[in-house]
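# Chains, contacts and geometry: an overview
Residues per chain, in single letters:
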Amino acid sequence: MPDIRTISITGSGYPKTAVIYSDWKSDPKACILYFHGGGLLYGNKSDLPARHIETLTKAGYVIIAYDYPLAPTAKLPQILDDVRASIQHYIDNPLCYYSRPLPYFLWGRSAGAYLCLIAAAYGSFSQNPLGILSYYGYGFLCDHWFQTPSPYYMTLPKVDESCLNALSGGLETTGDLMTHYSIYVYARQTGKWFSLLYEGREKFFYLDFTLRTCEKLPCPLFAVHATNDTDVPFDEFRELCSRFQPNTFIAACDVHDFDREEDNPFTFKLIQETLDFLKKNTL
């Protein structure tokens, strides 16, 4: 079992913590800064499958999983500012996380991958990451899919707007499946996902919160996607690959976050190829 500890991070305006996973038997090569998925509307930093944590920490990587504020109470500018602040906190305070400074990778699953990609693309960090792990991430590179009803979510039982009443009104960093997943389903069924994430002129959304104006990422990219992803169109993955020529992993299945199934044969292959990418790009 990996060693697990939690640290508090001040200056965010809300109670913010990071969970650190490590293996004391391994000599760490780098840290991996992790941001969870959930459509920016639900989820929490403790969503990593045990197989991922155990395999990567045994291989000599310290995983640091962060909170960030969730929509719709927080909008994209605040969410991304918070993610950038977490990354810079690691850069500025490495000894809070481990006994010596280590280089770092960014890792996100779904919405977390989106946050990593945008933060890296438009951030001005004093130290760039060694690489980005994008598990079924996106950059809002293709039109319409995030502003129109999702064919997949339309097949699920209809969720009423009253689901928004589950929100506390204040900043939230944890969105429980029992209460907040229905908000995501509602958002995707109605095509209102975009409006729950962003307020302002669409021009600035495309300039600042998509990858459409990014010509080059500051580090290598490992991009993962399922061929029949139910949440993020495969065309998003194709466009990401066309722009940035990443190392890729494609799973021939129809599940968005397929790696949550630890016994899925694709999960085992994915973790091995993730390790290969990390080793290749670790200084």
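To be clear, the structure that these remarks concern was listed above.
Being a predicted model, the structure only gives us computed values, none of them experimental. (Residues numbered from 1 in each chain as written. Predicted model: local features only at pLDDT ≥ 70, side-chain atom pairs only at ≥ 80, totals over all residues. Heavy atoms only, no water.)

## Examining the nonpolar core
Side chains of a nonpolar character, in soluble globular proteins, are inclined to be buried together. Within the largest apolar cluster, 74 residues are counted, with the highest numbers of intra-cluster contacts made by Leu33, Ile64, Ile87, Tyr114 and Trp193. Of the residues forming this core, the biggest block, nine residues, is contributed by helix H3 (residues 111–122). The contacts of Ile64, once residues within four sequence positions are left out, are Ala18, Val19, Ile20, Cys31, Ile32, Leu33, Tyr34, Tyr90 and Tyr97. (Core = buried A, V, L, I, M, F, W, Y, C linked by side-chain atoms within 4.5 Å. Buried < 20%, exposed > 50% of the residue type's maximum accessible area, 1.4 Å probe, protein only. Helix = DSSP H or I, 4+ residues; strand = E, 2+ residues; numbered from the N terminus. Contact = heavy atoms within 4.5 Å.)

## Some remarks on the pattern of salt bridges
Taken as a whole and judged by the stated rule, the model has twelve salt bridges. In this structure, the salt-bridge partner of Arg100 is Asp27, at a minimum N-O distance of 3.1 Å. Taken together, the positions of Arg100 in the loop between helix H2 (76–92) and strand S5 (104–109) and Asp27 in the loop between strand S2 (16–22) and strand S3 (30–35) put the pair 73 residues apart, joining distant regions of the chain. For Arg100, a relative accessible area of 33% corresponds to the partly exposed category. Its salt-bridge partner being Arg109, residue Asp47 comes within 3.4 Å of it at the nearest N-O pair. Placement of the pair is Asp47 in the loop between S3 and helix H1 (50–58) and Arg109 in strand S5, with a sequence separation of 62 residues. According to the relative accessible area criterion, Asp47 is partly exposed, its value standing at 28%. A relative accessible area of 5% places Arg109 in the buried class. Each of Asp47, Arg109 and Asp259 takes part in salt bridges that share partners, so that together they form one network. (Salt bridge = Lys/Arg side-chain N within 4 Å of Asp/Glu carboxyl O.)

## Considerations on the pairing of strand S4 (residues 61–66)
Successive residues of a regular strand alternate their side chains across the two faces of the sheet. Burial runs high along S4: six of the six residues are buried. Side chains of S4 alternate between two faces, with Tyr61, Ile63 and Ala65 and Val62, Ile64 and Tyr66 buried alike. Where S2 and S4 come together, four bridges link them in antiparallel fashion. Within S4, the residue paired with Ile20 across the bridge is Ile64. Where S3 and S4 come together, six bridges link them in parallel fashion. Within S4, the residue paired with Ala30 across the bridge is Tyr61. Once the chain exits S3 it traverses H1 before rejoining the sheet at S4, and the crossover so formed is right-handed. (Pairing = 2+ DSSP bridges. Right-handed = clockwise from strand over helix to strand, strands pointing away.)

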